[in-house]
Amino acid sequence: MYYIYPAKIYNSSMLANFFRKSNLNNQSVLIIMALALFIGVQARANQTFTATDISLIGLRLLIWFVLLLLTQFIAQKNDLTRNSSYALLFYIGFQCYFPNMLLEVRALLAQLLLLMAQRRLLSLQTLNAPKEKILDATLLIGIASLLYFWLGIFILLIYISIIFDVSRSYRNWIIPIVGALGVALGANLLSFFVDYQITAEWQNIPLYEVDWNRLMQQLQFVPLTLFSVFVVYFTGNMMVNLQSRPIVLQGNFKKLITCVCLVIIAYLFDANKTFALLGICFFPLSLMGASQLEYLKNKWVANILLFLFLSGGIYSLLIQL
């Protein structure tokens, strides 16, 4: 007993075990981590604290916390995690790989729009008001495509979700087309009132262009490499072990896998190779990573995986600040 008792105390304090339950203590720690990350990134940026800059900082902070709250809410609402804090921890960790996203309202807003669209598509499995959910997702993705052109590829995610959940009604197949046309019409009407030719910008987007010179810089190539390792690991692990998940959840996990694949395609086609596109897959990767940790029986493996993930995030954060 003398040897067993200390071991139990040690195991209960291990990193993975600490976040295994979603309670007030864990959420408080994560909120403090998120706030510290945000403040650190803002403090290191060269900003003149005028009224406009302060307003933008407040807007970025608001969107950042809405993203965190929605991540935890969607994970638990759709039973994609076992009431743990892993999803929220992974989301904050992934943001450490590309901290400069916290300086761009456009990047955070694109994440929020796609996160809300994924929320509507994941809830399709309940079969409640599917037409409204499809239309909402289409409008959100359409608006996001006005921010980043290649996000329009997520229309495919809507049709894949329809195939998984509500493919019997032919009306469901028409709604995304109607929604996309509505966004395009609204964008053209908006161009009459503001000096921003959205459609002209779409026409100037090259069909395909790859310029990897920007990524060869040390401070950008290292975080991208580390991030890619976890993208491949979490996605590949979920694809291999998908059959071990409950049948009712397999369709939603397939949607998450599809989302990651679409982000990769959009990033490869994007001429500027902006890291903002990669932020779209933080949410699905966080849920897949959380699900993997919850299903791991060997707690030491879970702790090592979490330690490597957080170490990579902290290292990426330090070399970019």
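Everything below is about the structure shown above.
Residues numbered from 1 in each chain as written. Predicted model: local features only at pLDDT ≥ 70, side-chain atom pairs only at ≥ 80, totals over all residues. Heavy atoms only, no water.

### Observations regarding the environment of Tyr 86
Structurally, the position occupied by Tyr 86 is in helix α5 (residues 86–97). Assessed through its relative accessible area of 0%, Tyr 86 is described here as buried. Taking the C-alpha atoms as reference, Tyr 86 lies 7.7 Å from Gly 289; in sequence the two are 203 residues apart. (Helix = DSSP H or I, 4+ residues; strand = E, 2+ residues; numbered from the N terminus. Buried < 20%, exposed > 50% of the residue type's maximum accessible area, 1.4 Å probe, protein only.)

### Looking at the pattern of salt bridges
This model, assessed by the stated rule, comprises 2 salt bridges. Measuring nitrogen to oxygen at the nearest pair gives 2.9 Å for the salt bridge that ties Asp 136 to Arg 120. Remark: Arg 120 occurs in helix α6 (residues 105–122) and Asp 136 occurs in helix α7 (residues 130–147); sequence separation between them is 16 residues. On the basis of relative accessibility, which here comes to 30%, the residue Asp 136 falls in the partly exposed class. (Salt bridge = Lys/Arg side-chain N within 4 Å of Asp/Glu carboxyl O.)

### Here we look at the packing of helix α8 (residues 155–165) against helix α12 (residues 247–269)
Between α8 and α12, the least distance of the axes is 10 Å, while the angle of their chain directions is 165°. On the basis of the axis angle, α8 is roughly antiparallel to α12. Relative to α12, the crossing made by α8 is right-handed. Contacts from Leu 156, Leu 157, Ile 160, Ser 161, Phe 164 and Asp 165 of α8 reach α12 at Gly 251, Lys 254, Lys 255, Thr 258, Cys 259 and Leu 262. Across the contact of α8 with α12, the residue classes break down as 6 nonpolar, 3 polar and 3 charged. (Axes fitted to C-alpha atoms, helices over the stretch in contact; angles between N-to-C directions. Parallel < 35°, antiparallel > 145°, perpendicular 65-115°, else oblique. Left-handed = near helix turned anticlockwise from the far one by under 90°. Contact = heavy atoms within 4.5 Å. Nonpolar A, V, L, I, M, F, W, Y, C, P; charged D, E, K, R; others polar.)

### Some details on the packing of aromatic side chains
Within the structure shown, the criterion is met by 24 aromatic pairs. Ring centres of Trp 64 and Tyr 91 lie 6.3 Å apart, and the angle between their planes is 35°; this geometry places the pair in the tilted category. Here Trp 64, found in helix α4 (residues 51–77), pairs with Tyr 91, found in helix α5; they are 27 residues apart in sequence, far enough to count as distant. Trp 64 gets classed as buried once you look at its relative accessible area, which sits at 0%. Directly above the ring of Tyr 148 sits Arg 106, whose terminal nitrogen or CZ lies 4.2 Å from the centroid. (Phe/Tyr/Trp six-rings, centres within 6.5 Å; stacked < 30°, edge-to-face > 60°. Lys NZ or Arg CZ within 6 Å of the ring centre and 35° of its normal.)

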